[in-house]
Amino acid sequence: EAGVVQSPRYKIIEKKQPVAFWCNPISGHNTLYWYRQNLGQGPELLIRYENEEAVDDSQLPKDRFSAERLKGVDSTLKIQPAELGDSAVYLCASSFTWGILSSTEAFFGQGTRLTVV
Amino acid sequence: DAKTTQPNSMESNEEEPVHLPCNHSTISGTDYIHWYRQLPSQGPEYVIHGLTSNVNNRMASLAIAEDRKSSTLILHRATLRDAAVYYCILRALYNTDKLIFGTGTRLQVFP
């Protein structure tokens, strides 16, 4: 079975341009996460979805970042306009959550490396 | 969210055991201890988790202190493929399903 699929793997854009990342989670997983990872740091949660509802977006910079998860499956993360400081790896992960219980493990994609010049 | 403390880096020789420590003195009774690792240019991958008792799986063992304020991830025989950043993470049992990553421990394995 395919794991979490992200595209593109790499993206180079000029500052002030828009950019979008796409994520296809593991089939049947109801929880989807977007993380950002700066060089030398651990991943930082941006937003978490349960089905199509964003249940935790407290760390998402809402002035320029947006995300959606239509039909509770695939998700896109958008930045508009991009800034130099947005250069990072953007990771998508998915898991299956049973009611109020936290899931056992999350599965991560390989990430999209964004470079803003 | 309770915090974990790990050494920035550790080294090992191939085929030797590796003990990766983690301190979590503010852990609550319903926090599970999870370990993930991140290979170069890859997303993090789940390694193991536990609550109170020691745990074993095909990848590693997890030893949890009796007071649960610390734990140790044990790789029984390190290989070059185990070179990665290892993250120790606390996850509440209920009502929160996010993983809060620290900076982890970078493990170097020498042939």
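Scroll up to find the structure.
Computed from a prediction, not measured in an experiment: that's the story for all the values here.

What counts, and at which threshold
- Residues numbered from 1 in each chain as written.
- Chains lettered and ligands numbered in written order.
- Predicted model: local features only at pLDDT ≥ 70, side-chain atom pairs only at ≥ 80, totals over all residues.
- Heavy atoms only, no water.
- Disulfide = S-S within 2.5 Å.
- Helix = DSSP H or I, 4+ residues; strand = E, 2+ residues; numbered from the N terminus.
- Buried < 20%, exposed > 50% of the residue type's maximum accessible area, 1.4 Å probe, protein only.
- Contact = heavy atoms within 4.5 Å.
- Buried area = accessible area lost by both parts, 1.4 Å probe.
- Salt bridge = Lys/Arg side-chain N within 4 Å of Asp/Glu carboxyl O.
- Polar contact = N/O pair within 3.5 Å; in protein donor to acceptor, adjacent residues only side chain to side chain.

Asks: Tell me about the state of the cysteines, and name the residues and values.
Replies: Considering all chains together, one arrives at two disulfides over all chains under this definition. Here C23 of chain A engages in a disulfide with C92 of chain A; their sulfurs sit 1.9 Å apart. Every disulfide takes its handedness from the sign of the S-S torsion; for C23 of chain A and C92 of chain A that torsion is -70°, giving left-handed. Here the residue C23 of chain A occupies a position in strand β3 (residues 19–24), and C92 of chain A occupies one in strand β9 (residues 88–95), the gap between them amounting to 69 residues. Relative accessible area serves as the criterion here: at 0%, C23 of chain A is assigned to the buried category. For C22 of chain B, the disulfide goes to C88 of chain B, at an S-S distance of 2.1 Å. The sign of the S-S torsion, about -80°, decides the handedness of the disulfide formed by C22 of chain B and C88 of chain B: left-handed. Of this pair, C22 of chain B sits in strand β2 (residues 18–23) while C88 of chain B sits in strand β8 (residues 84–92), and the two are 66 residues apart along the sequence.

Asks: Any chance you could break down the interface of chain B and chain A for me, citing the residues and the numbers?
Replies: The interface is formed by 22 residues belonging to chain B together with 24 residues belonging to chain A. Around 1800 Å² of area is buried between chain B and chain A when both sides are counted, 48% of it from carbon and sulfur atoms. Where chain B packs against chain A, one counts zero salt bridges. Here chain B is connected to chain A by five residue pairs in polar contact (both at pLDDT 80 or more).

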